[in-house]
Amino acid sequence: MIRLDGVGQVFDGREGQVTALEKIDLHVRGGEFVTLIGRSGCGKSTLLRLIAGLLPPTSGAVQVAGQPVTGPRRDVSFMFQRPALLPWRSVLSNVMLPVEIDKGQGDRGKAAYRDRARQLLELVGLQGFERRLPHELSGGMQQRVSLCRSLIRDPQVMLMDEPFSALDALTRTELSEELQRIKMELSTTIVFVTHSIEEAVLLADRVVVLTPRPGRMREVVDIDIPRPRSLGQNAHLTEVAAISGRLHALLAEKESGEPGVPGEVRPVDEVRP
Amino acid sequence: MTTRRRMPKRTWLTDSPVAAVVLPIIGLAAAIGLWWGATVAFSIQPYLLPSPWDVVVKFFEQPGYLLQETGTSLLETIEGFLLAIVIGVPIALVIVRSVILERLAYPLLLMVNSIPKVAIAPLLVIWMGFGQWPKVVMVLLMCFFPIVISTAQGMKSTPTELVELMRSLNASRAQEFFKLRLRYAMPQIFTGFKVAISLAVIGSVISEFVGATKGLGYVIQQSGASADTTLAFAAITLLSVMSIVLFYALVLLEHWLLPWAQEKR
């Protein structure tokens, strides 16, 4: 579904050029859930924007559904770290925004999309809030609206840029579990950026670990824990612990290749040069 | 319990809508009371400072005349203000689209704004005669700057994630402009309008000091010539009322048009 071949990205910074990404080769299969994990500044958000067509790669090729990416596609949706709702629009009309922008190309009527929007809002537990304005909702509710908006056109691919990282821990867990449920119902391909190992283990079929400056693929870890997965008490604690430990080790590793202690959490800045 | 002391106490006086109307009236009444008390206590001559009652009596001696002059000033104010919107907003929209244009235009705008408006009032009369135009143009000059600046600022305040959202939805430039940037700028544009409307009233008075035969500014100028301080006070009071009414009309319009913006203040 998504194919990256030798993708690299160089930005012109104030002090010369900065290599954000280097030699990224990744193939995401249809219906797969892949998370990109790494420290801040490892270029994971940049990678997502390359797939979204928001940014052209400096080198290499990006393909979605067999076609080279030249710009944003209507079958690919993007979800941001912040809800990014238009404050003057009601919940329902925020969800309907992509349909409205894309008028003329809709394969269904607007009324059908409106029904779909209501359905999605119900799916995330927001029935009855259709006419509210965003500022009347909590952060978690706003991000749910944002999730509905990115699902309204039944995208083939969903790109999610740390969508739950601005929420409190409980809401984050709740939304992750909800996303997993939605994922099991729809067959959307998802690429999900995060810096939370917990989130990655809960959600992903495969985890791509990126190293910082320049962003390179360090390793791809398969996660074979059966779904539905949940946090806390569950039947697969050993597997979860093993994979989490491994991811910790990979992320803690210094750029020289010196391994970190598995399971040890180091403050982010300590490791950076 | 230091936090409790620092926080303003919330009672019905701070929260109820009735108090929101009653309190300003009490404040105004107290100020008028003080003024009245001073004129009585120090037996000040009316040609120096008339009492509030003298001013009210003066108004009712010739209410038709004074209201007609108020109407003249009001019309000039509104015409100039609307003209400033019609000219200022598009100019701001063009300016923010190009850094080059912005750099070219800003010093010019600043220069125009820094000219003392009283100084060009006689020039406007020379250029445009004794009719309504020099007045409308004066109001326009007064309003223009705050409207342009706040519109330009508003257009630049669109959060990047919303711009990126529109891009990711493949929105056209027109859609991005109308559905996002302009809508997002509206509260700031309204702030400019509210600053401008008070300046508009001042502009109409200044222009009526020079080469006018009508309007409240003319009334004030004439009363000075005949030492009729009470008449001047009546005219000034009408100007204040006009200014307050226009300002709150804009506030109401904003509440009605932009209900979503209240939470952000």
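Residues numbered from 1 in each chain as written. Chains lettered and ligands numbered in written order. Predicted model: local features only at pLDDT ≥ 70, side-chain atom pairs only at ≥ 80, totals over all residues. Heavy atoms only, no water.

- Under the annotation held in an unreviewed UniProt entry, chain B carries the name NitT/TauT family transport system permease protein and is attributed to Kribbella pratensis.
- Regarding chain B, the relevant UniProt record gives this comment under Subcellular location (unreviewed entry): "Cell membrane". (UniProt positions renumbered as here; feature names shortened; annotations may be inferred.)

- The name an unreviewed UniProt entry gives chain A is NitT/TauT family transport system ATP-binding protein, with Kribbella pratensis as the organism.

**A few points about the pairing of strand β9 (residues 206-211) of chain A**
Residues and elements named next belong to chain A.
Consideration 1: Within β9, six of the six residues are buried, leaving the element largely enclosed by the surrounding structure.
Consideration 2: The two faces of β9 match: R206, V208 and L210 on one face and V207, V209 and T211 on the other face are all buried.
Consideration 3: Where strand β3 (residues 33-37) and β9 come together, four bridges link them in parallel fashion. Across the sheet, V34 pairs through a bridge with R206, a residue of β9.
Consideration 4: The pairing of β9 with strand β10 (residues 216-222) spans six bridges and is classified as antiparallel. (Buried < 20%, exposed > 50% of the residue type's maximum accessible area, 1.4 Å probe, protein only. Helix = DSSP H or I, 4+ residues; strand = E, 2+ residues; numbered from the N terminus. Pairing = 2+ DSSP bridges.)

**A word on a nonpolar patch on the surface**
Residues and elements named next belong to chain B.
Consideration 1: Among the surface-exposed residues, W12, L13, V18, V21, V22, L23, I25 and I26 lie close enough to one another that they form a single nonpolar patch of about 800 Å² accessible area.
Consideration 2: Residue assignment for the nonpolar patch shows that the elements contributing at least two residues are α2 (12-15) and α3 (17-41).
Consideration 3: Of all the elements, α3 adds the most residues to the nonpolar patch, at six residues.
Consideration 4: Within the secondary structure layout, W12 lies in helix α2. (Patch = residues over 30% accessible without salt bridge, like charges linked within 9 Å, V, L, I, M, F, W, Y side chains within 5 Å. Areas by Shrake-Rupley, 256 points an atom, 1.4 Å probe, with all protein chains shown as cover. Salt bridge = Lys/Arg side-chain N within 4 Å of Asp/Glu carboxyl O.)

**Quick word on the environment of K103(A)**
Consideration 1: Following the sequence through the fold, K103(A) ends up in the loop between α3 (97-101) and α4 (110-123).
Consideration 2: The spatial distance from the C-alpha of K103(A) to the C-alpha of G13(A) is 38 Å, given a sequence separation of 90 residues.

**Focus on the interface of chain A and chain B**
Consideration 1: Taken together, the contact pairs 20 residues of chain A with 17 residues of chain B.
Consideration 2: Between chain A and chain B the total buried area reaches about 2,000 Å² when both faces are included, carbon and sulfur atoms providing 66% of it.
Consideration 3: The largest contributions to the chain A side of the interface with chain B come from P72(A), W88(A) and I101(A), which together make up 35% of the buried area.
Consideration 4: Linking chain A to chain B there are three salt bridges.
Consideration 5: One salt bridge in this structure joins E161(B) and R82(A), with 3.4 Å as the shortest N-O distance.
Consideration 6: Inspection of the region where chain A meets chain B yields five residue pairs in polar contact (both at pLDDT 80 or more).
Consideration 7: Per-element accounting of the side of chain A that touches chain B gives the leading share, four residues, to α3(A). (Contact = heavy atoms within 4.5 Å. Buried area = accessible area lost by both parts, 1.4 Å probe. Polar contact = N/O pair within 3.5 Å; in protein donor to acceptor, adjacent residues only side chain to side chain.)

**Focus: the UniProt feature "transmembrane region" (unreviewed entry) in chain B**
All names here are of chain B.
Consideration 1: The feature "transmembrane region" (unreviewed entry), as annotated in UniProt, sits at residues 21-44, 81-101, 108-130, 136-155, 189-211 and 231-258 in this numbering.
Consideration 2: With 83% helix and 0% strand, the stretch residues 108-130 has end C-alpha atoms that lie 28 Å from each other.
Consideration 3: Each end of residues 231-258 is marked by a C-alpha atom, and these two atoms are 40 Å apart; helix forms 96% of the span and strand 0%.

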